[in-house]
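Fold and geometry: a report
One-letter residues, chain by chain:
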Amino acid sequence: MKTIVGITGTTSVGKSAVAVRLAKLLNTEVISADSMQIYKGMNVGTAKITHDEMMGVPHHMIDVVEPNSNYSSFLYQQDASRIINGMQTTPIVVGGTGFYFDSLLYPPEFGDGSAERRQQLQSLLETDGLPALQEILRNLDEATYAIIDRQNPKRVIRAIEIAESGMLRSQGQGKRNPQYNLILFVLQRDRQDLFAQIDTRVDEMIANGLIDEVKSLVDKYGYCDTSAFSAIGYKEIIEYLQGKTTVEQAVDKIKLNTRHYAKRQITYYKKMNVKEYVDVENKSSFEIAQHIRDVLLES
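Here we summarise the structure given alongside this text.

Criteria and cut-off values
- Residues numbered from 1 in each chain as written.
- Predicted model: local features only at pLDDT ≥ 70, side-chain atom pairs only at ≥ 80, totals over all residues.
- Heavy atoms only, no water.
- Phe/Tyr/Trp six-rings, centres within 6.5 Å; stacked < 30°, edge-to-face > 60°.
- Helix = DSSP H or I, 4+ residues; strand = E, 2+ residues; numbered from the N terminus.
- Buried < 20%, exposed > 50% of the residue type's maximum accessible area, 1.4 Å probe, protein only.
- Lys NZ or Arg CZ within 6 Å of the ring centre and 35° of its normal.
- Contact = heavy atoms within 4.5 Å.
- Pairing = 2+ DSSP bridges.
- Axes fitted to C-alpha atoms, helices over the stretch in contact; angles between N-to-C directions.
- Expected span 1.5 Å × (residues − 1).
- Left-handed = near helix turned anticlockwise from the far one by under 90°.
- Nonpolar A, V, L, I, M, F, W, Y, C, P; charged D, E, K, R; others polar.
- Salt bridge = Lys/Arg side-chain N within 4 Å of Asp/Glu carboxyl O.

Overall, the coordinates contain three aromatic pairs when judged by the stated rule. For the ring pair Tyr 76 and Tyr 100, a centre distance of 4.0 Å and an interplane angle of 15° mean the geometry is stacked. With a gap of 24 residues between them, Tyr 76 in helix α3 (residues 73-86) and Tyr 100 in helix α4 (residues 98-105) connect regions that are remote in the sequence. Exposure class is identical for Tyr 76 and Tyr 100. Each is buried. In textbook terms, an aromatic cluster arises when at least three aromatic residues are bridged by ring pairs, as seen for Tyr 76, Phe 99 and Tyr 100. Here Arg 150 stacks its cationic end above the ring of Tyr 145, 4.4 Å away from the centre of that ring. Against the face of Tyr 268 rests Lys 271, its NZ or CZ located 3.8 Å from the ring centre.

As a further point, take the environment of Val 156. By the element assignment, Val 156 lies in helix α8 (residues 153-164). Taking the C-alpha atoms as reference points, Val 156 and Lys 235, separated by 79 residues in sequence, lie 17 Å from one another. Excluding residues within four positions of it along the chain, Val 156 makes contact with Leu 130, Leu 133, Gln 134, Leu 137, Ile 148, Asp 149 and Arg 150.

With that settled, the discussion passes to the sheet that holds strand β2 (residues 30-32). By way of backbone hydrogen bonds, the strands of a sheet pair with one another, either parallel or antiparallel. Overall, parallel pairing links the six strands, which are arranged β3-β2-β4-β1-β5-β6 in an open sheet. Here the strands that pair on one side only, and so sit at the sheet edges, are β3 (59-60) and β6 (276-279). Pairing of β2 with β3 involves two bridges; the strand directions are parallel. If you follow Val 30 over to β3, its bridge partner there is His 59. Strands β1 (3-9), β4 (92-94) and β5 (181-188) of the sheet are contacted by α4, whose axis makes an angle of about 165° with β1.

To continue, consider helix α13 (residues 247-269). Taking 1.5 Å of rise per residue, 23 residues should cover 33 Å, and α13 covers 33 Å from first to last C-alpha, within 8% of that figure. Of all the positions in α13, only Ala 250, Val 251, Ile 254, Lys 255, Thr 258, Ala 262, Gln 265, Tyr 268 and Tyr 269 are classed as buried.

Before going further, it helps to spend a moment on the packing of helix α6 (residues 130-140) against α8. The interhelical angle for the contact between α6 and α8, taken along N-to-C directions, is 35°, at an axis separation of 9 Å. Classified by chirality, the crossing of α8 by α6 is left-handed. Contacts between α6 and α8 involve Leu 130, Leu 133, Gln 134, Ile 136, Leu 137 and Leu 140 from the former and Pro 153, Val 156, Ile 157, Ala 159, Ile 160, Ala 163 and Glu 164 from the latter. For the contact of α6 with α8, the class distribution of residues is eleven nonpolar, one polar and one charged.

Here the focus is the pattern of salt bridges. For the structure on display, the rule yields 13 salt bridges. When the shortest N-O distance is used, the salt bridge between Glu 66 and Lys 40 registers 3.8 Å. On the criterion of sequence distance, the pair formed by Glu 66 in the loop between β3 and α3 and Lys 40 in the loop between β2 and α2 (51-54) is long-range, its members being 26 residues apart. Here Glu 66 falls in the partly exposed class, since its relative accessible area comes to 28%. Overall, the relative accessible area of 33% leaves Lys 40 in the partly exposed class. Taking the shortest distance from any N to any O, the salt bridge between Asp 294 and Arg 293 comes out at 2.9 Å. For Asp 294, a relative accessible area of 34% corresponds to the partly exposed category.

Geometry only, nothing functional implied.
See below:
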């Protein structure tokens, strides 16, 4: 069984920089496990790693598809596994999307759903609103209802599809042998420090041109009903562009929604098989990478 090293953690905890440093120490490559960095043109709002920040380390699963397309964890598993299986070294999988890690370990449990059923659920969303879908999911799979982002219609619809297939997404993992041996490290920082870092990052995104980035995406694709356009940071700016909020309100909503997302991430990681939680306070990315390297050598 092939071993992969995983680095995850909440948004704004510094995963990408640590992964690059560790990849250089281990002479290997990085595979992204971020459900938004797969979309082209979404750079500022996803804090996508830049070419210079990669420091010559090859990165995969970034800029894979256009944001007017939907990309599922099922497709991620297929594409990422193909890369992993073709590598001679132990890859570093890095990102905050916990269910991407799960999809790598336990494929392809649920597959893709019926386009007809998805359209039915989408129509229900338009007529009765998100609460109607949330109630369907709660009745089908209450455990999943409790942990997913219930404000994300795409996630709710996907969870309903899985539950209606006769399986429970919340109970799917762990029933089968994993495809890979995942050695997972979760980077963490003090909750209040994390929230302060999130607020700072959002301010930096605005300063670095997030509004212009969203404008360019809307100009190119229109207002799309896809996961990319409902991502935190993008949906709030779209509401501002549509005149529904002021820019100050949009920024405040991004900060609030990001903090809520970080809390959900923390909850998700608790059910994963974690090798070690690594505190990042007062440590450089190189020091953290060295520590992870040392743990791996001792394993």
